[in-house]
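# Remarks on the overall topology
Here is how the chains run, residue by residue.
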Amino acid sequence: MFAIIGSPFFIYFSRRTKDSRTRSSAEERVIRNDITSIVMLRRKPLATLVCMAAIALVIGLAYVTYVLGEYGHILLGFVSMVFMIVIPFVVGEQYLAFIRKRFIVVKNAALYVDVNDVYYPSDLRSKRMPILPLPTEPSDAMLDFLYNWLRRYLTGDRLTLISCTYADLYGVGIVIVDDGTADGLELNGPLIAIPEYQLDLSGANRAQFDKECKALGAFGLPAQSQTAGICIEGLA
């Protein structure tokens, strides 16, 4: 009954906050999760307050449901129980839509992103550039996210990214080890490399950038003298 009554709200608010420019639902989910991860890492206190408010709302509605049931108001108790499930979800979805809207400061940022698929494979190992696994070839929505994420570190107005695949990593002697969380690694699976020469990673920026890369699942390549095995965890 809860699923039947609540599903229209879930569907409506999920579609309302969906970005139509994404290539797949998997990419949409990755962008949403990544924005949330970055916002939490940058310690926005509002995120913590909203989470606490949502928990308090659930507890409050659960108590109201209990009291109504104790006094025999079965119908009102049932309505309160439905609200206990639906309202926190709606609040959460609306808040996530709000932080995504605030996060994307530069609109149509894909116009400021250059994605190169022609490069020297040796650059992947000889230069510092975190590599981010993607569920699909990056859409404009994904490029918008990447630009607005890295805008904090950019030294210029444009962002240059390198498009590569797992097969390209094998070509420079990198062995990708699947830890079992992914459904197998496709050799043509898309990756995005972020050349660090265009970023200001001095001082505290380096530690913050590394934490954000780790949260998003980005990994660096070992130097030639180091082991060539990389364990990929939690791929989207």
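Residues numbered from 1 in each chain as written. Predicted model: local features only at pLDDT ≥ 70, side-chain atom pairs only at ≥ 80, totals over all residues. Heavy atoms only, no water.

Bringing the nonpolar core into the picture now. Ranked by size, the top nonpolar core spans 32 residues in total, and within it Phe145, Leu146 and Trp149 carry the most contacts. When residues of this core are traced back to their parent elements, those giving at least two are α2 (25-41), α6 (140-150), β3 (159-165) and α8 (204-216). If one sorts the elements of this core by residue count, α6 sits on top with 8 residues. Sequence-distant contacts of phenylalanine 145, defined by excluding residues within four places in its chain, comprise Ile31, Asp34, Ile35, Phe103, Ile104 and Leu216. Core analysis: the next-biggest nonpolar cluster, separate from the first, contains 14 residues, Tyr166, Val172, Ile174 and Phe219 among them. (Core = buried A, V, L, I, M, F, W, Y, C linked by side-chain atoms within 4.5 Å. Buried < 20%, exposed > 50% of the residue type's maximum accessible area, 1.4 Å probe, protein only. Helix = DSSP H or I, 4+ residues; strand = E, 2+ residues; numbered from the N terminus. Contact = heavy atoms within 4.5 Å.)

Attention shifts here to α2. Over its 17 residues, α2 runs 24 Å from end to end, which matches the ideal 24 Å to within 8%, given 1.5 Å per residue. For α2, the complete set of buried residues consists of Glu27, Glu28, Val30, Ile31, Arg32, Asp34, Ile35, Ile38 and Val39. Next to the buried residues of α2 lie α4 (74-103), α6 and α8. Arginine 43 occupies a position one or two residues after α2 and carries a positive phi of about 60 degrees. (Expected span 1.5 Å × (residues − 1).)

For the structure shown, the criterion picks out 6 salt bridges. A salt bridge links arginine 32 to glutamate 28; the nearest nitrogen and oxygen atoms lie 4.0 Å apart. A residue pair is termed a helical-turn pair when its members lie 3 or 4 positions apart in one helix, as arginine 32 and glutamate 28 do in helix α2 at 4 residues. For the pair arginine 32 and glutamate 28, one class covers both residues: buried. A salt bridge links arginine 206 to aspartate 210, with the shortest nitrogen-to-oxygen separation between them at 3.1 Å. In this pair, arginine 206 and aspartate 210 both sit in helix α8, 4 residues apart, roughly one turn of the helix. Members of the salt-bridge network, linked through shared partners, are Arg128, Glu196, Arg206 and Asp210. (Salt bridge = Lys/Arg side-chain N within 4 Å of Asp/Glu carboxyl O.)

So, about the packing of α2 against α4. Relative orientation of the contacting elements α2 and α4 amounts to 75 degrees, with a least axis distance of 10 Å. As summarised for this structure, α2 and α4 are arranged roughly perpendicular, according to the angle between their axes. Along its contact with α2, which presents Arg32, Ile35, Thr36, Ile38 and Val39, the element α4 presents Glu93, Leu96, Ile99, Arg100 and Phe103. Broken down by class, the residue content of the contact of α2 with α4 amounts to 6 nonpolar, 1 polar and 3 charged. (Axes fitted to C-alpha atoms, helices over the stretch in contact; angles between N-to-C directions. Parallel < 35°, antiparallel > 145°, perpendicular 65-115°, else oblique. Nonpolar A, V, L, I, M, F, W, Y, C, P; charged D, E, K, R; others polar.)

Right, let's get into unusual backbone geometry. Located in the positive-phi region is asparagine 108, a residue other than glycine, with phi close to 50 degrees. With respect to the secondary-structure elements, asparagine 108 resides in the loop between α4 and β1 (113-116). Asparagine 108 sits in the partly exposed class, given a relative accessible area of 48%.

So, about the packing of aromatic side chains. Summed over the entire model, instances satisfying the criterion amount to 5 aromatic pairs. Relative to phenylalanine 145, the ring of phenylalanine 103 has its centre 5.9 Å away and its plane inclined at 25 degrees; by these criteria the two rings are stacked. In this pair, phenylalanine 103 is assigned in helix α4 and phenylalanine 145 in helix α6, connecting sequence segments 42 residues apart. Phenylalanine 145 shares its class with phenylalanine 103; the two are buried. Between phenylalanine 145 and tryptophan 149, the aromatic rings sit 6.2 Å apart at their centres with planes inclined by 15 degrees, giving stacked as the arrangement. Placement of both phenylalanine 145 and tryptophan 149 in helix α6 is noted, with a separation of 4 residues, approximately one turn of the helix. Comparing phenylalanine 145 with tryptophan 149, the two get one shared label, buried. (Phe/Tyr/Trp six-rings, centres within 6.5 Å; stacked < 30°, edge-to-face > 60°.)

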